[in-house]
Amino acid sequence: MLYREAGQFKTSYDADMAIFPIAQDRWGMIAIVVIAVVIIPLFTSDYIMGSLMIPFLIWGLSAIGLNILTGYAGQLSLGHGGFMAVGGFAAYNLAVRVPEIPILGTFIIAGLIAAAVGVVFGLPSLRIKGFYLAVTTLAAQFFIEWVFANFPWFTGGTMSMTLDTPSMVVFGYAIESTRDHYLLTLGIVLVLTLAAKNMVRSQLGRAWMAIRDMDVAAEVIGIRPLRTKLTAFAVSSFYAGVAGALYAFAFLKSLDITAYDLFRSFLVLFMIIIGGLGSILGSFLGAAFIILLPIFINVVAHNFSDQIKPDFITNAELMIFGGLIIFFLIVEPFGLARLWMTAKEKLRLWPFPH
Amino acid sequence: MLFALEVAISGLLSGIMYSLVALGFVLIFKASGVFNFAQGAMVLCAALTFVRLLELGVPFWIAAGITLIVMMVLAVVIERIVLRPLVNQPLIILFMATIGLNFFLEGLAQGVWDAQVHGLQLGIDDLPWEPLANSTGMLISIFDLSAALICGVLVASLGVFFHKGRIGRALRAVADDHQAAMAVGIPLQHIWAIVWAAAGIVALVAGALWGQRLGVQFSISLVALKALPVLILGGLNSISGVIVGGLLIGAGEKLAEVYLGPIIGGGIENWFAYLLAMVFLLFKPYGLFGEEIIERV
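Since this is a predicted model, take the numbers as computed values, not measurements. (Residues numbered from 1 in each chain as written. Chains lettered and ligands numbered in written order. Predicted model: local features only at pLDDT ≥ 70, side-chain atom pairs only at ≥ 80, totals over all residues. Heavy atoms only, no water.)

K.L.:
Quick one: what's the story with the overall build of chain A, residue by residue and with numbers?
P.N.:
Counting its secondary structure elements, chain A contains 14 helices and four strands. The C-alpha radius of gyration of chain A comes to 21 Å, within 12% of the 20 Å expected for a compact globule of 354 residues. Seen along its three principal axes, the alpha-carbon backbone of chain A occupies a region of about 65 × 60 × 45 Å. Sorting the 354 residues of chain A into buried and exposed places 49% on the buried side. (Helix = DSSP H or I, 4+ residues; strand = E, 2+ residues; numbered from the N terminus. Rg over C-alpha atoms; globule rule 2.2 N^0.38 Å. Buried < 20%, exposed > 50% of the residue type's maximum accessible area, 1.4 Å probe, protein only.)

Right, here's the structure in full:
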């Protein structure tokens, strides 16, 4: 009743191809953006913005990157954390060595460098497929970690493991408070999300999906596998690179190679599986789930912390995390995005049965 | 030259140690098409249970027996709770479920026992083999040789197990085609439980041998990451492939560490094996002995 397309006629091709063809979706989207841009910065604490929203947005962005590669183009990758590291280190080195470039430009160049590295490690995907490819992408993860840990040039010649990121200035405005960091992150994430949503609806996105569904068949109907797979790697790594740069600059405010380890690659993979493969919305839902779950477990555990030992909590956290993921995969293997689709179908008829 | 030979041989033998872990992956992949990421956690589980039982004063063979039973029960439980509800789901979902299982088992093993480092003595010394050392001057550890022998026996017996008898035939049928196997009346669930139990036994052997080498602790589950290149180099579904893969990776890694390491900086063992495997895969995309999938439109 409230949510249906009845009565909304599309009178032009443009209206038919709009991102949100239904008015309710448009209003919902506007509401979400208004909440994110106006209400959260005005009415919530630094804790919510700094410790919940910023990591949620950054991991959501990273998850979009992996979703483009794995969910849309079908190339399973376990090296996403490595590409994020490339973005983080590239942005740091650019900001320190070439301070003339504005910080937004730095992020874009860092993303492009990550994209170039992603293309190099994506080359084997032309011959290697499936789980064989997944294991070879681990090479990217370990190799990139090793390079940044072993060559002091990347860390500015110092041997210290953790570096503070330089302060950021956007169009003459110094980014200092948590709110500034939140708004900067939000702006970048909004623009890139819109770009991703439009990319996957375009000819490029359809080519990715054709490759995912069956690459030999896609080749037969005239989609070039080389170009399509490598653009998927490039775009995915660009998103990973920007997310990695934001992770260092806006969230940790320091640069440390251990922040981009293999565990992070798995986390991003969990996000897109739990959120929904091949869905932009799912990337954010998955990121919210994975970011909030450990915080929730932690809060609950600390309520009982005087009764149980701390090392028991660590192990219990691992068990609950693993157990919930298995539970979730069994209950809804296609992710939260599918849940939302089902809800929408139900809403079209509600409250009448037919 | 003798030094290079010594390095190569010790590399070959340490490669066999990786093969032991990779073997667990192959067994499960072969029978169910599942890439079981939890193999490392299973190794940790088996090794921790075994070493803690030994420390409680349980005799060696009884402790091994109890651990075996624990691993078999674990296999049945995993099959019941994790795998059965996920039958017919895409393989990536099963893969993710095993990563979740990996976290769960790591927490379980360290929660039930503890997270300390435990020394483990199997009664095999990690010393150079004297006759060889005296005659040629090469220092090859007895422990490495025994591990290679054990691995060889294990691979041979699993090969026989897979080829002879009722269960072996059923296993191969399931590996070939799940649905066809079910259609002729092979109980898929039993077969999966058997295979996971076999992987548990392999995990115990690997855990015991690695446990003596590294000490039983959390990092033992990371050995699985070293076994992955061995696995893809040999081919995901080839039992004999893990031996060849292990030999190639082991020797390549040790030689690179000794001759290449000083030139480009230390610590290359984390990624060199992956690079080596990747180069091989560029020529043989399904590993050296893996089953090639013929794609048709």
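K.L.:
Hey, could you go over the interface of chain B and chain A for me, with residue numbers and the actual values?
P.N.:
Listed as interface residues are 50 residues of chain B and, on the opposing side, 43 residues of chain A. Summed over both sides, the interface between chain B and chain A buries roughly 4,200 Å², with carbon and sulfur atoms accounting for 82% of that surface. Among the residues of chain B in contact with chain A, Met96, Phe103 and Trp271 of chain B are the three that bury the most area, contributing 16% of the side total. Here chain B is connected to chain A by zero salt bridges. At the surface where chain B touches chain A, the tally comes to five residue pairs in polar contact (both at pLDDT 80 or more). Taken together, the elements giving at least two residues each to the side of chain B that touches chain A come down to α3 (60–83), α4 (91–112), α10 (223–234) and α12 (272–283) of chain B. Broken down by element, the side of chain B that touches chain A gets its largest block of residues, 16 residues, from α4 of chain B. Taken together, the residues of the side of chain B that touches chain A sort by class into 35 nonpolar, 12 polar and three charged. (Contact = heavy atoms within 4.5 Å. Buried area = accessible area lost by both parts, 1.4 Å probe. Salt bridge = Lys/Arg side-chain N within 4 Å of Asp/Glu carboxyl O. Polar contact = N/O pair within 3.5 Å; in protein donor to acceptor, adjacent residues only side chain to side chain. Nonpolar A, V, L, I, M, F, W, Y, C, P; charged D, E, K, R; others polar.)

K.L.:
Give a description of the side chain of Thr136 of chain A that names residues and reports values.
P.N.:
By the secondary structure assignment, Thr136 of chain A is in helix α6 (residues 130–150). According to the relative accessible area criterion, Thr136 of chain A is buried, its value standing at 3%. Each residue touching Thr136 of chain A, except ones within four places of it in the same chain, is listed here: Ile128 of chain A together with Ile232, Met278 and Leu281 of chain B.

K.L.:
Would you mind going over a nonpolar patch on the surface in detail, with residue names and values included?
P.N.:
Residues and elements named next belong to chain A. Residues Trp27, Ile30, Val33, Val34, Ile35, Val37, Val38, Ile39, Leu42, Phe43, Leu183 and Leu190 make up a contiguous nonpolar surface patch of about 1,100 Å² in total accessible area. In terms of residue count, helix α2 (residues 23–43) provides more of the nonpolar patch than any other element does, 10 residues in total. Counting through the fold element by element, Leu190 comes out in helix α7 (residues 178–201). Given the relative accessible area of 36%, Leu190 is considered partly exposed. (Patch = residues over 30% accessible without salt bridge, like charges linked within 9 Å, V, L, I, M, F, W, Y side chains within 5 Å. Areas by Shrake-Rupley, 256 points an atom, 1.4 Å probe, with all protein chains shown as cover.)

K.L.:
Just give me the short version of unusual backbone geometry, but keep the residues and values in it.
P.N.:
All names here are of chain A. In the Ramachandran plot, Lys253 falls in the positive-phi region, its phi being about 55 degrees despite a non-glycine side chain. Along the chain, Lys253 turns up in the loop between α10 (225–252) and β4 (254–255). Residue classification places Lys253 among the partly exposed residues on the basis of a relative accessible area of 37%.

K.L.:
A description of the side chain of Thr49 of chain B should follow, citing residues and the corresponding values.
P.N.:
All names here are of chain B. Note that Thr49 resides in helix α2 (residues 39–55). Assessed through its relative accessible area of 8%, Thr49 is described here as buried. Beyond its immediate sequence surroundings of up to four residues, Thr49 is in contact with Thr67, Val70 and Trp113.

K.L.:
If you had to explain the pattern of salt bridges to someone new, which residues and values would you point to?
P.N.:
The final tally for this structure, using the stated rule, is nine salt bridges over all chains. Ionic pairing is found between Lys229 of chain A and Asp215 of chain A, a salt bridge with its closest N-O pair at 3.5 Å. Of this pair, Lys229 of chain A sits in helix α10 while Asp215 of chain A sits in helix α9 (residues 215–220), placing them 14 residues apart in sequence. By the burial criterion, Lys229 of chain A is buried, and Asp215 of chain A matches it. Residues Glu253 of chain B and Lys226 of chain B are paired through a salt bridge, measuring 3.6 Å at the closest nitrogen-oxygen approach. In this pair, Glu253 of chain B sits in helix α11 (residues 239–264) while Lys226 of chain B sits in helix α10, placing the two residues 27 residues apart along the sequence. When its relative accessible area of 6% is taken as the criterion, Glu253 of chain B is described as buried. Connected via shared salt-bridge partners are Lys129, Asp215 and Lys229 of chain A.

These values are about where atoms sit, not about what they do.
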